[in-house]
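# Observations on chain architecture
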Amino acid sequence: MAAFVLALVVGALFALGTFLLLRRDLIRVVWGLAIISQAANVYLLTAGGIVQGTFESVPVLAGHGEGAPETADPLVQALVLTAIVIGFGMTAFALVLSYRVYEEHGTLDVSELRRGDRE
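Residues numbered from 1 in each chain as written. Predicted model: local features only at pLDDT ≥ 70, side-chain atom pairs only at ≥ 80, totals over all residues. Heavy atoms only, no water.

## Topic: the overall build of the protein chain
Regarding its fold elements, the protein chain presents four helices and two strands. Helices and strands in the protein chain line up, N terminus first, as α-α-β-β-α-α. For the protein chain, the proportion of its 119 residues judged to be buried stands at 23%. Accessible surface, the protein chain: about 8,500 Å² in total, of which carbon and sulfur atoms supply 69%. (Helix = DSSP H or I, 4+ residues; strand = E, 2+ residues; numbered from the N terminus. Buried < 20%, exposed > 50% of the residue type's maximum accessible area, 1.4 Å probe, protein only. Areas by Shrake-Rupley, 256 points an atom, 1.4 Å probe, with all protein chains shown as cover.)

The structure is reproduced here in structure tokens:
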């Protein structure tokens, strides 16, 4: 059941990100890229798998009851955490560049920016 819910979440995030990428507003395009990167992170966590933890695989759980909770692979979590930080930095950079485009051209409409380059 959890895999089905995670698959729906990944699909919805990719769909929303793609929808935003196809908009004419530059800010929505930047947010679409950010959402797609987060969808990729959720996909990686899902692909890493959630399994029943054992006291050998998660030593910190030793001595804390009979059954160990479900755990995810910590390597995938570390990689996704790094991707989140890098994605946040790139989103901030893209938003600053969008602000500079707005200062220079007075619009964030991608089609108007494209027409302005031809003239």
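On we go from here.
## Here's the deal with the packing of aromatic side chains
Taken as a whole and assessed by the stated rule, the structure comprises zero aromatic pairs. Seen from the ring of Phe19, Arg23 lies directly overhead, with NZ or CZ sitting 4.3 Å from the centre. (Phe/Tyr/Trp six-rings, centres within 6.5 Å; stacked < 30°, edge-to-face > 60°. Lys NZ or Arg CZ within 6 Å of the ring centre and 35° of its normal.)

## Some points on a nonpolar patch on the surface
A grouping of Phe4, Val5, Leu8 and Val9 is seen on the molecular surface, where their side chains present a nonpolar patch of about 360 Å² in accessible area. Looking at the secondary structure, you find Val5 in helix α1 (residues 2-21). With relative accessibility at 40%, the residue Val5 sits in the partly exposed group. (Patch = residues over 30% accessible without salt bridge, like charges linked within 9 Å, V, L, I, M, F, W, Y side chains within 5 Å. Salt bridge = Lys/Arg side-chain N within 4 Å of Asp/Glu carboxyl O.)

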